[in-house]
Amino acid sequence: MSTEESVKHSYGPEWEEESREVLSEVDFDTELGMEMAKDAEKLSKGEISEEEFYSRHNEKVQEEFGIDARPTDPRSSEPLDKDTVEDALNDDVVAEPVPSKHAERAKEARQEGGGGGDGGDGGDGDDDDDSGFSRRTVLKSVGVAAAGVAAGTWNQRNPGGIWDENRKIEPAGPGTSNDNVQMGFVIDNDACIGGAHCAQACEFENQTPDGALWQFVFQFEEPDRDEAEFLVRPCQHCSDPPCVKVCPVRARHKRTSDGIVLTDYDICIGCRYCQVACPYGVNYFQWGEPKMEGPQSVGNFKEQNADLPALDDPDRVDDPAYDKRGKHVAGPQPEKGIMGKCVFCVHRQDSGDPELEGTTACYEACPVDAIHVGDMNDPESKPRQYLEEVADEVKNSGAGYDTTDEDSEWQRDRHVSRWRFQEDRGTKPNVIYVGHQPSEDAKWVDEPGAYEDYGLEREREGFDLESDH
Amino acid sequence: MSMPDASPDDLVRPIKKPSKKFFLLAGLSSVAAVIFVIAYGIQLANGLAVTNLSDWGSGGGVTWGTYIGTFIWWVGIAHGGIIISAAVRLLKIEKYEPVARIAELLTIGALSMAGIMIIVHLGRPDRVVWSVVMSYPTTVHTSPLAWDLTVITLYFVLTATYLSLTLRSDIYRLRDKLPDILNPVYSAILFRYDPDEDPVVERMAWWLALAIIILAPLLLHGGVIPWLFALTSSTPGWFGGLTAPQFLSAALTSAMGGVMLVALVFRKLYTNWESVIPDEVIWGLGWWMGIFSLIFVWLQLQRNLVGSYAAPTGVGKVAAATQANPVYWVAMLLIILPLAYVAFQHFGILNFSLRGMAVAAIAVILGVLIEKTLFTVEGLLYPATRLYGNVPGSYVPTPIELASILGTTGLLILFFMGVSKLIPIVEMKAVEHHESEEGGD
Amino acid sequence: MYALLQAAESLDMYAGIQPGTILIFGIVLVPVYAMIAGWFGGKPRDAGVALLGVGYIATFVASLWGGLFVLSMIIYALFFSGGPMSPPFL
């Protein structure tokens, strides 16, 4: 582990080393980048306040980038000035011969000009709570701060367009023309940097206990390649879910209005058969008593979701743990003896708040925009549009790739190949991945200890993961 | 050795005053049961976190372990009942009549213990009846667990009905020898009894035996129980067509061992019971135990060879891990050695010995328990999603989980002791045949 | 409790004939159908005794699940009745 003098980084020694390497290639201050990342993490944990976060490093950022586009007041509704930021950054960034989809999109965003108007990034009434930060602003700040760090580390992939106005999303709920809605993900594993912000945000949003990694990120390596690759694994919300089929009490079911697979916490008997039948391993059982207060607790969930607006629908119990049908399917984490898993942030989907519908915590938190959520059946939805961009990439991928070079072919493949995880199990998963599909010999390289450096526990309480098996 | 022939008096002897040995056994079993109850209480209070179970996959553990292994084991032992009853009633093999009712009682007792294991395994046992019953019309169509509950209920209920019907004429004829204090029990059993019903009941019992012999071996332990495992493609170690025959062969092996043990215990406890349950019954049960264990070992060969030769990665990994695990070989030895012993006895290389048979029965029962639990655990440690395959994980049962094995065994012994004090546990006709063979009076 | 009833009839995606439907009603229960037919048909026949047999079956099913229900209620009262996420009675 790092010494006291170097910045202690919860992303683990490997990440730290790697980031330093990348940062040092760039003309930005390595230490500043590392410090900002460290502070971003502190902010997400609640150890420092937003104001403090933003006011730190202000001088240094000004010095380094020529501008500090981070607002010092997180509740300011002033949109971030893309052009200014982008100019400041472009001066120092090395041009990248390999075209990436992110460059394309950033280019589009620039071409659209000030399109999109005021970003949803500003506080829109959801930040009216003066007593503390709401979940969404925290996630935004994490995204913003991390993107600030990524500015330095990420030049390989994104020469210019970090601030992406397309980040705000239109709701993909029942309002669309296609009434056969199926919520799902498009996840770009190639863009993923393995920061596990998604997993952290999910844990923060749902206040899940130790060991319950509803959103999870694999880091793996192919045997003949020395490159770290990632696979982000939420619940796949399958269209032919084995977990629903095997549930002996139908606590696990698939909501017909939008295709989200949910568990009814009032019916579940804790037999764990869904956990056994799911090939993806997305189920996490509540082995002990859930905590009532403090971090990762029932109390925290209720508190931070207290600002969700109540619906007019009288059937909806005014409690974020209940969905619009009045079923107890969402956070707080389930009671002792009950099974939990990714709920597609159903408390957001049913909140009645257009800012929240069609979003999830993991989607919002990802600093590199690897996760896209929405209605997979709607061609106009965000994930589907993203896939089209990738398809365009395939068409244009001749440029910049040397097809006689195996390495280049592999890189191209990594950028554009699309697949579903273990499709041959017949579960019809609703997550489409972009990026390199792990082969039969792919090995998960992360060690148990390293995941904890993200602030996440893989062991449940009262259980020891042994290191040799 | 000359022993008086078995007579109806022998049948009611257990129902008389209990002996010292009886109290000792009852005491030990009660201690085991109490330990289990306390352990379960601790689990209810603190959740399943007191076990060494954990989420498979990123959690690095197994989610089904000792409780499920023990559940399968108890259901397996319960199959002895129908095997013996079918032999006696359908195939008219009169040799096994003395142990028929014991075997049926073993079915009832073992199925009850299996039910207890399910309760203990659940996270929310307080809801199980309501949640299951209310959703049954929906879940019966797709859930192997719902099927499992259906068939176990059927096996239990049909066996209980069989017992009740065939008990009636025995109680009627032994009534004057039975203690008066238990009259209410006997009156209940003899509800609307009329000696004319005997031939009708015989025929009904025949139909019951037929129904159960199809239901239990082919559709319960060779059906819904292994289907819980064989239908999930998420675990290559479980998936496939070989799982059901494996389960059935293991079940029948342990069932024969179970019936043999109970018979031997009763022979030991009561005078002259060597003529109630003669040696040839034990010999025959041992023979069948050998046959079933041979089939079991043969199926293990299939499983290991298929998994080792050129298997797909998922299956290959599980097979390799199982074969590398010394616990697996302990379980195999516990079944192969008794098999060899029984074979040597039958070929005349070794002498028939009751003690040897008892040891063989215990070994076989233990071996099946270990093998079933290991099967469950290894399957979950090597899931289909091979990315998880590098996650270190393991499983060793905690004392609380082991207490359930001890406790349910104790409860079963108590069950038998209780029942043997109420009703004759050997059918009258078994004793009557002895009399008629000897030229009778 | 009403929510549970709703769950049973709720939007189940697996409507219609499924593997379980055929398995339980078309295979597993066939021996039972045959047995009941055998009880009431064939000789020697006595509908009264056959009904007694059916009565035994029904009683045992009810006692088994009823007894289990009582046990589950006891567990509920002792360990789960303090409201959601309540600490145990110990």
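None of these values were measured; they are calculated from a predicted model.

Participant: Explain the overall build of chain A here, please?
Facilitator: If you tally the helices and strands in chain A, you get 16 helices and 11 strands. For chain A, the residues scored as buried account for 52% of the 469 residues in total.

Participant: Sorry, what's going on with the overall build of chain B here?
Facilitator: If you tally the helices and strands in chain B, you get 17 helices and 0 strands. Against the 2.2 N^0.38 benchmark of 22 Å for 441 residues, chain B shows a C-alpha radius of gyration of 23 Å, consistent with a compact globule. Taken along the three principal axes of its C-alpha coordinates, chain B extends 75 × 55 × 40 Å. Across the 441 residues in chain B, those meeting the buried criterion constitute 56%. For chain B, the share of sequence-separated contacts (at least 6 apart) that also reach a separation of at least 24 residues comes to 82%.

Participant: Looking at this model, I keep getting lost on the interface of chain A and chain B. Mind explaining?
Facilitator: For an interface, size is often stated in terms of accessible area lost upon the parts coming together. With 53 residues of chain A at the interface, the matching set in chain B holds 44 residues. For the side of chain A that touches chain B, the secondary-structure elements that each account for two or more residues are β2 (216-221), α9 (242-246), α10 (273-277), β6 (284-285) and β11 (443-444) of chain A. A per-element tally of the side of chain A that touches chain B places α10(A) first, with 4 residues. Taken together, the residues that form the side of chain A that touches chain B break down as 29 nonpolar, 11 polar and 13 charged.

Participant: Mind showing me how you'd approach the nonpolar core here?
Facilitator: Across soluble globular proteins, nonpolar side chains have a tendency to be buried as a group. Counting residues in each nonpolar core, the largest one holds 231 residues, and the members touching the most others are Cys198(A), Ala114(B), Tyr155(B) and Val259(B). Examining the composition of this core, we find that 17 residues originate from one element, helix α9 (residues 198-230) of chain B, more than from any other. In this view, Val259(B) contacts Gly80(B), Ile84(B), Val99(B), Ile102(B), Ala103(B), Leu106(B) and Leu285(B); residues no more than four positions away in its chain are not counted.

Participant: I'm lost on the sheet that holds β2(A) in this one. Help?
Facilitator: Paired through their backbone hydrogen bonds, the strands of a sheet run either parallel or antiparallel. Residue and element names in this part refer to chain A. The antiparallel open sheet is built from 3 strands, whose spatial order is β3-β2-β11. The outermost strands of the open sheet, each flanked by one partner alone, are β3 (229-233) and β11. Judged from the 5 bridges that link them, β2 and β3 form a sheet pairing that is antiparallel. Bridging across to β3, phenylalanine 216 finds its partner in arginine 233.

Participant: I would appreciate a short explanation of helix α6 (residues 128-139) of chain B in the present structure.
Facilitator: The α-helix winds at 3.6 residues per turn, so residues separated by three or four positions along the chain end up facing the same way. Taking 1.5 Å as the rise per residue, α6(B) with 12 residues should run 16 Å; its terminal C-alpha atoms sit only 14 Å apart, a clear shortfall. Those residues of α6(B) that fall on the buried side of the exposure criterion are Val128(B), Ser131(B), Val132(B), Met134(B), Ser135(B), Thr138(B) and Thr139(B).

Participant: Before we go on, may I ask you to explain the pairing of strand β8 (residues 371-375) of chain A in this structure?
Facilitator: Side chains on a regular strand alternate between the two faces of the sheet. All names here are of chain A. Judged by how many residues are buried, β8 sits mostly within the fold: 5 of 5 residues are covered. Two elements, strand β1 (residues 183-188) and β8, share 5 bridges in a ladder whose sense is antiparallel. By the bridge assignment, valine 186 is partnered in β8 with histidine 372.

Participant: What is the right way to read unusual backbone geometry from this model?
Facilitator: For residues that are not glycine, phi is negative in most cases, and the peptide bond is trans in most cases. At His237(A), a position not held by glycine, the phi torsion is positive, near 45°. Residue position: His237(A) is located in the loop between β3 and α9.

Participant: Even after reading the chapter, I still don't get the sheet that holds β8(A), so can you show me in this structure?
Facilitator: The strand order across the open sheet formed by 4 strands is β8-β1-β10-β9 (chain A), and the pairing between neighbours is mixed. The sheet terminates laterally at β8 and β9 (418-419) of chain A, the two strands that pair on one side only.

Participant: Quick question: what am I supposed to make of the environment of Lys421(B) here?
Facilitator: Residue and element names in this part refer to chain B. For lysine 421, the location among the structural elements is in the loop between α16 (399-420) and α17 (428-437). Given 16 C-beta atoms within 10 Å, lysine 421 falls into the partly exposed group. Taking the C-alpha atoms as reference points, lysine 421 and aspartate 55, 366 residues apart in sequence, are found 46 Å from one another. Once you skip the residues sitting within four places of it in the chain, lysine 421 turns out to touch Pro14 and Ile15.

Participant: Looking at this structure, I do not really get the environment of Gly38(C). What am I missing?
Facilitator: All names here are of chain C. Along the chain, glycine 38 turns up in helix α3 (residues 30-40). Take glycine 38: there are 17 C-beta atoms within 10 Å of it, and that puts it in the partly exposed class. Measuring from C-alpha to C-alpha, the distance between glycine 38 and phenylalanine 69 comes to 33 Å, with 31 residues separating the pair along the chain.

Participant: Is there a simple way to think about the packing of helix α10 (residues 243-269) of chain B against helix α15 (residues 354-381) of chain B in this case?
Facilitator: Packed helices, taken two at a time, are described by their axes: the angle between them and the distance between them. Residue and element names in this part refer to chain B. Between α10 and α15, whose axes approach to 9 Å, the crossing angle comes to 140°. By the angle between their directions, the pair α10 and α15 is classed as oblique. Note on packing geometry: the crossing formed by α10 with α15 is left-handed. Here α10 contributes Ala250, Thr253, Ser254, Gly257, Gly258, Met260, Leu261 and Leu264 to the contact with α15, which in turn contributes Leu354, Met357, Ala358, Ala361, Ile362, Val364, Ile365, Val368, Glu371 and Lys372.

Participant: Hey, could you run me through the packing of helix α12 (residues 279-308) of chain B against helix α13 (residues 313-324) of chain B in this one?
Facilitator: Residue and element names in this part refer to chain B. The contact between α12 and α13 brings their axes to 8 Å, and the two run at 125°. Between α12 and α13, the angle is such that the two are oblique. Here the hand of the crossing between α12 and α13 comes out left-handed. Across from Asn304, Gly307 and Ser308 in α12, the residues of α13 making contact are Val315, Gly316, Val318, Ala319 and Gln323. A class-by-class count of the residues in the contact of α12 with α13 yields 3 nonpolar, 5 polar and no charged.

Participant: I tried to follow the confidence of the model for chain A on my own but got confused; where do I start?
Facilitator: Residues and elements named next belong to chain A. Per-residue confidence for chain A averages 67 on the pLDDT scale, and 52% of its residues sit at or above 70. Throughout residues 1-11 the model reports pLDDT below 50, and contacts reaching past four residues in sequence, or to other chains, amount to 21 contacts. Segment residues 84-178: pLDDT under 50, and 173 contacts once partners within four positions in sequence are set aside and those in other chains are kept.

Participant: Explanation requested: the environment of Phe25(C) in the structure shown.
Facilitator: Residues and elements named next belong to chain C. Structurally, the position occupied by phenylalanine 25 is in helix α2 (residues 19-28). On the neighbour-count criterion, phenylalanine 25 (14 C-beta atoms within 10 Å) is partly exposed. Considering only alpha carbons, one finds phenylalanine 25 and leucine 68, 43 residues apart in sequence, at a separation of 24 Å.

Participant: In this structure, what is going on with the confidence of the model for chain B? I would like to understand it.
Facilitator: As a note on interpretation, predicted positions should not be read in detail where pLDDT is low. All names here are of chain B. Averaged over every residue, the pLDDT of chain B is 90; the share at 70 or more is 96%. Looking across chain B, the model is least confident in α17, with a mean pLDDT of 68, and most confident in helix α3 (residues 66-78), with 96. For this predicted complex, the interface confidence reaches an ipTM of 0.90, while the overall pTM sits at 0.78.

Participant: Please explain the pairing of β1(A) as it appears in this structure.
Facilitator: Residues and elements named next belong to chain A. For β1, a buried count of 6 out of 6 residues is recorded, marking the element as mostly surrounded by other parts of the structure. Alternating positions in β1 separate into two faces, Met183, Phe185 and Ile187 on one and Gly184, Val186 and Asp188 on the other, with burial throughout. The sheet contact formed by β1 and strand β10 (residues 431-434) spans 4 bridges and is parallel. Bridge pairing in β10 links valine 186 to isoleucine 432.

Conventions we followed
- Residues numbered from 1 in each chain as written.
- Chains lettered and ligands numbered in written order.
- Predicted model: local features only at pLDDT ≥ 70, side-chain atom pairs only at ≥ 80, totals over all residues.
- Helix = DSSP H or I, 4+ residues; strand = E, 2+ residues; numbered from the N terminus.
- Buried ≥ 20, exposed ≤ 12 C-beta atoms within 10 Å, placed from the backbone.
- Rg over C-alpha atoms; globule rule 2.2 N^0.38 Å.
- Contact = placed C-beta atoms within 7 Å.
- Nonpolar A, V, L, I, M, F, W, Y, C, P; charged D, E, K, R; others polar.
- Core = buried A, V, L, I, M, F, W, Y, C linked by C-beta atoms within 7 Å.
- Pairing = 2+ DSSP bridges.
- Expected span 1.5 Å × (residues − 1).
- Axes fitted to C-alpha atoms, helices over the stretch in contact; angles between N-to-C directions.
- Parallel < 35°, antiparallel > 145°, perpendicular 65-115°, else oblique.
- Left-handed = near helix turned anticlockwise from the far one by under 90°.
- pLDDT = per-residue confidence, 0-100.

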